[in-house]
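Here's the letter readout for the chains.
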Amino acid sequence: MNTLFDKIWDAHLVTKVENGPTQLYIDRLYCHEVTSPQAFSGLKARGLKPLRPEKIFCMPDHNTPTHDQDKEIEDEISRTQVNTLAQNAKEFGLTHFGMLHPKNGIIHVVGPENGLTLPGMTIVCGDSHTSTHGALGSVAFGIGTSEVEMVLASQCILQSKPKTMRITVNGRLDKGVTAKDVALYIIAKMTTGGATGYFVEYAGDVIRSMSMEGRLTLCNLSIEMGARGGMIAPDEITFDYLKGREFAPKESEWDTAMAFWKTLKSDDDALFDKEILFNGNDIQPMITYGTNPGMGMGITEKIPTLESIPEVGRISYSKSLEYMGYQPGELLIGKKIDYVFLGSCTNGRIEDFRAFASLVKGKKKDPSVIAWIVPGSWYVNNQLKEEGIDKILIEAGFAIRQPGCSACLAMNDDKVPAGKYAVSTSNRNFEGRQGPGARTLLASPLVAAAAALTGKITDPRTCM
Amino acid sequence: MTSTCVPLPLENVDTDQIIPARFLKATTKDGFGDNLFRDWRYDKQGNQIGSFVLNDPTYSGQILVAGKNFGSGSSREHAAWAIAGYGFRVVISSFFADIFKNNALNNFVLPIVVSEPFLASLFNCISKNPETKVEVNLADQTVINTALGVSEHFEINPYKKHCLMNGLDDIDFLLSNKDKIEAWETENQQF
């Protein structure tokens, strides 16, 4: 009767507070430079050290510039934050992949590709996109800095158990429809608060057929509908992905691990608090038109009219469209855009680059478009080179930058100027996310590639 | 406590608005109150935007009243620091995003969930009379719109309530269970 989430949660229960939260053991703490400084200083102020340093992996990603990483970071505060993480890692003997370290990159890209995220684990990080790691069958969720301090101090966290939701997507995806589109479709249907209080498990034909990188994209976006986290039960695709990765179990440990991992699925009679069903055949390439990830639609559709919005939400809706410079009832196809960003923990992996390259191969980027092409890690960057994707992109007029979170949230200098439109493969289109006044359109790497070629919002299926 | 309120009748206010990313570079918890709702309070030249509620002296108080789904988006605890730093002790809404709710509680800011009718009528009262006072009683878990004499019961996790009322610390609690942590590690397979 248990769901996979229940099984992993219950297995990690250290103790429970009467009428209160559960003390949960955490197998993996990922630490980046933005949400850890105050946690480390809090720890030091208590005269404590990390309880289990070997379970903690640190790397800067949010502030890192995507060019000239061998030079000192120009922005003083960014530089301080990145250095503070390095100092804290050194002081406490924590594994740290600094800038230019061959394993450096966006933390939610680096974890899985190194076999640091494994099925059945509980994983936390001071970052809401920690949900990404659920793709490998782990219970992974974002936490605040105070909670990072808790995990540093005790390798445990206090959490109230969320409710469970299963989202099943059956049917098949049409050509040109990717995991990113599935995610944006689900969020549009669910709204940005629709899964608040729930931990989601994704199931169904479409999910089973998704590659691991597609699953990482899907789970990454779970937070955008308010879910505590999102996960997918491990299967052959998971095991094939993990085999041979540096930190994954090896030899006899691999066999033991596999035997355990194969038990990680929801029981046939598992009871979820909510069940939602979608059909993959209904999904087309998506694009957002507003200022939250739930304001998305099929790329050939029209922006909803004011009348179709519940009255209580109309003021916020109008404000959102005004910010974007769009009108209710408008088509987005054909509208001019200024920037394209390929990257982020959502779509910064090799398959995303393959998809982008497949569309631009032999063609040229529109000269009016500024494109930021940012691999999610040095590992991804090496894969690009090995596959010759770097040559395809350069010939098409694109320049490949160095790894980091980059324009997703523009904490480094990759900022979209006010009023400019950016088609972005990242995860949030909030006001000012990519720079004050920046206008973000969230989409898949295929939609981003099509926009980069034409300088306009374009259905990628017309370029395939 | 009893206080007047600052009304923000917008839905889906995300943590990027509460505290924009460029302010996350700090390495301490200080000064975040100055940057609360920064890009709604100040224009690019650094001038106050008169129409934004925090710049309107008509409204003041330790209670922020916000539209539903307050605090969505990024897990940045800096959002809670900004709200606490500015001087708010309570946020009232009909719906909060989970991570923000937790961060608020961990920083002694009380998120109170009220029904949509209560919220709507509170916004109404405040717009008619900016001096409208709200009374919050944590022990009883009640919130009262004193203008109408209408009260509502609100939910709060008993453990969090206990911590808030007694200024207690989660880390002391967790570490007091060190033997249980070690017992768990001995009994459970870890990779």
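None of the values given here were measured: they were computed from a predicted structure.

**Q** Which parts of the structure should I look at to understand the overall build of chain A?
**A** For chain A, the helix and strand inventory stands at 15 helices and 18 strands. For 464 residues, the compact-globule formula gives about 23 Å, and the C-alpha radius of gyration of chain A, at 21 Å, lands near that figure. Based on the C-alpha atoms only, the size of chain A along its principal axes is roughly 55 × 55 × 45 Å. Within the span of chain A, comprising 464 residues, buried residues form 60% of the whole. Counted over contacts in chain A with a minimum sequence separation of 6, partners at least 24 positions apart contribute 76%.

**Q** Teacher, can you tell me more about the domain arrangement of chain B here?
**A** Reports of interface size often rely on the accessible area that becomes lost once the parts have come together. Residues and elements named next belong to chain B. Segmenting chain B into domains produces domain 1 (2–156) and domain 2 (160–191). Placing a centre on the C-alpha atoms of domain 1 and another on those of domain 2 gives a separation of 31 Å. Residues belonging to the side of domain 1 that touches domain 2 are distributed by class as follows: six nonpolar, no polar and no charged.

**Q** I'm lost on the packing of helix α2 (residues 37–45) of chain A against helix α5 (residues 145–154) of chain A in this one. Help?
**A** All names here are of chain A. For the pair α2 and α5, the least separation of the axes is 8 Å and the interaxial angle reads 50°. Taken together, the axis directions place α2 and α5 in an arrangement best described as oblique. For the pair α2 and α5, the sense of crossing is right-handed. Side by side, α2 and α5 meet where Gln38, Ala39, Gly42 and Leu43 of the first sit next to Thr145, Val148, Glu149, Leu152 and Ala153 of the second. Classifying every residue of the contact of α2 with α5 gives five nonpolar, three polar and one charged.

**Q** Got a minute to help me understand unusual backbone geometry in this structure?
**A** All names here are of chain A. With a phi close to 55°, Gln155 is a non-glycine residue in the positive phi region. A residue is classified by how many C-beta atoms lie within 10 Å of it, and Gln155, with 22 of them, is buried. For Ser344, which is not glycine, the phi torsion reads 85° and is therefore positive. On the secondary structure map, Ser344 appears in the loop between β15 (339–342) and α12 (350–360).

**Q** Even after reading the chapter, I still don't get helix α3 (residues 76–92) of chain A, so can you show me in this structure?
**A** One turn of the α-helix equals 3.6 residues, which is why residues spaced by three or four share an orientation. Residue and element names in this part refer to chain A. Its 17 residues give α3 an end-to-end C-alpha distance of 24 Å, which sits within 8% of 24 Å, the value for a rise of 1.5 Å per residue. The complete set of buried residues in α3 reads Ser78, Gln81, Val82, Leu85, Asn88 and Ala89. Summarising the axial view, the buried residues of α3 lie within an arc of 125°, below the 170-degree limit, and thus occupy one face. Along α3, exposed side chains directed more than 90 degrees from the buried face belong to Glu76, Lys90 and Glu91. On the buried face of α3, the contacting elements are α2, β4 (56–58) and β5 (95–96).

**Q** Please clarify how the interface of chain B and chain A should be interpreted in this entry.
**A** With 43 residues of chain B in contact, the opposing surface of chain A contributes 56 residues. At five residues, the largest contribution of residues to the side of chain B that touches chain A is made by helix α4 (residues 98–106) of chain B. Its residues placed into classes, the side of chain B that touches chain A shows 15 nonpolar, 16 polar and twelve charged.

**Q** Help me out: how do you make sense of the pairing of strand β2 (residues 63–66) of chain B in this one?
**A** Look at any regular strand and the pattern is simple: side chains alternate between the two faces of the sheet. Residues and elements named next belong to chain B. Going residue by residue along β2, you find Ile63 and Val65 tucked away on one face and Leu64 and Ala66 tucked away on the opposite face as well. Sheet topology note: the strand β1 (residues 2–8)/β2 ladder contains four bridges and is parallel. Bridged to Cys5 within β2 is Ile63. Sheet analysis places β2 next to strand β3 (residues 90–93), joined by three bridges and oriented parallel. Following the sheet pairing, Val65 is matched in β3 by Ile92. Crossover β2 to β3 through helix α3 (residues 78–86) is right-handed.

**Q** Mind showing me how you'd approach the packing of helix α6 (residues 179–190) of chain A against helix α8 (residues 212–220) of chain A here?
**A** In a pair of packed helices, the angle between the axes and the distance between the axes together describe the arrangement. All names here are of chain A. For the pair α6 and α8, interaxial distance at closest approach is 8 Å and the crossing angle is 25°. Judged by the angle between their axes, α6 and α8 are roughly parallel. When you trace α6 past α8, the crossing you get is right-handed. Residue-level inspection shows Ala179, Lys180, Val182 and Ala183 of α6 in contact with α8, the latter providing Gly214, Thr217 and Leu218. A per-class count over the contact of α6 with α8 returns four nonpolar, two polar and one charged.

**Q** Whenever I open this one, the sheet that holds β5(A) confuses me. Can you help?
**A** All names here are of chain A. Sheet architecture is open: five strands sit in the order β5-β4-β3-β6-β7, paired in parallel fashion. Edge positions in the sheet fall to β5 and β7 (139–142), since each has one partner strand and no second. One ladder, built from three bridges, connects strand β3 (residues 28–31) with β4; its direction is parallel. Bridge assignment links Leu29 to a residue of β4, and that residue is Ile56.

**Q** It is not clear to me how the pairing of strand β9 (residues 163–170) of chain A should be interpreted in this structure. Could you clarify?
**A** Residues and elements named next belong to chain A. Bridge count for β9 against strand β10 (residues 198–203) is six bridges, and the pairing is parallel. For Lys163, the partnering residue across the bridge sits in β10 and is Tyr198. The β-α-β motif built from β9, the intervening α6 and the parallel element β10 has right-handed crossover chirality. In the sheet, β9 pairs with strand β12 (residues 274–279) via six bridges, with the strands oriented parallel. Pairing of Ile167 across the sheet is with Ile276, part of β12.

Definitions and limits used
- Residues numbered from 1 in each chain as written.
- Chains lettered and ligands numbered in written order.
- Predicted model: local features only at pLDDT ≥ 70, side-chain atom pairs only at ≥ 80, totals over all residues.
- Helix = DSSP H or I, 4+ residues; strand = E, 2+ residues; numbered from the N terminus.
- Rg over C-alpha atoms; globule rule 2.2 N^0.38 Å.
- Buried ≥ 20, exposed ≤ 12 C-beta atoms within 10 Å, placed from the backbone.
- Contact = placed C-beta atoms within 7 Å.
- Domains from an automatic or database assignment.
- Nonpolar A, V, L, I, M, F, W, Y, C, P; charged D, E, K, R; others polar.
- Axes fitted to C-alpha atoms, helices over the stretch in contact; angles between N-to-C directions.
- Parallel < 35°, antiparallel > 145°, perpendicular 65-115°, else oblique.
- Left-handed = near helix turned anticlockwise from the far one by under 90°.
- Expected span 1.5 Å × (residues − 1).
- Arc of directions from axis to C-beta.
- Pairing = 2+ DSSP bridges.
- Right-handed = clockwise from strand over helix to strand, strands pointing away.

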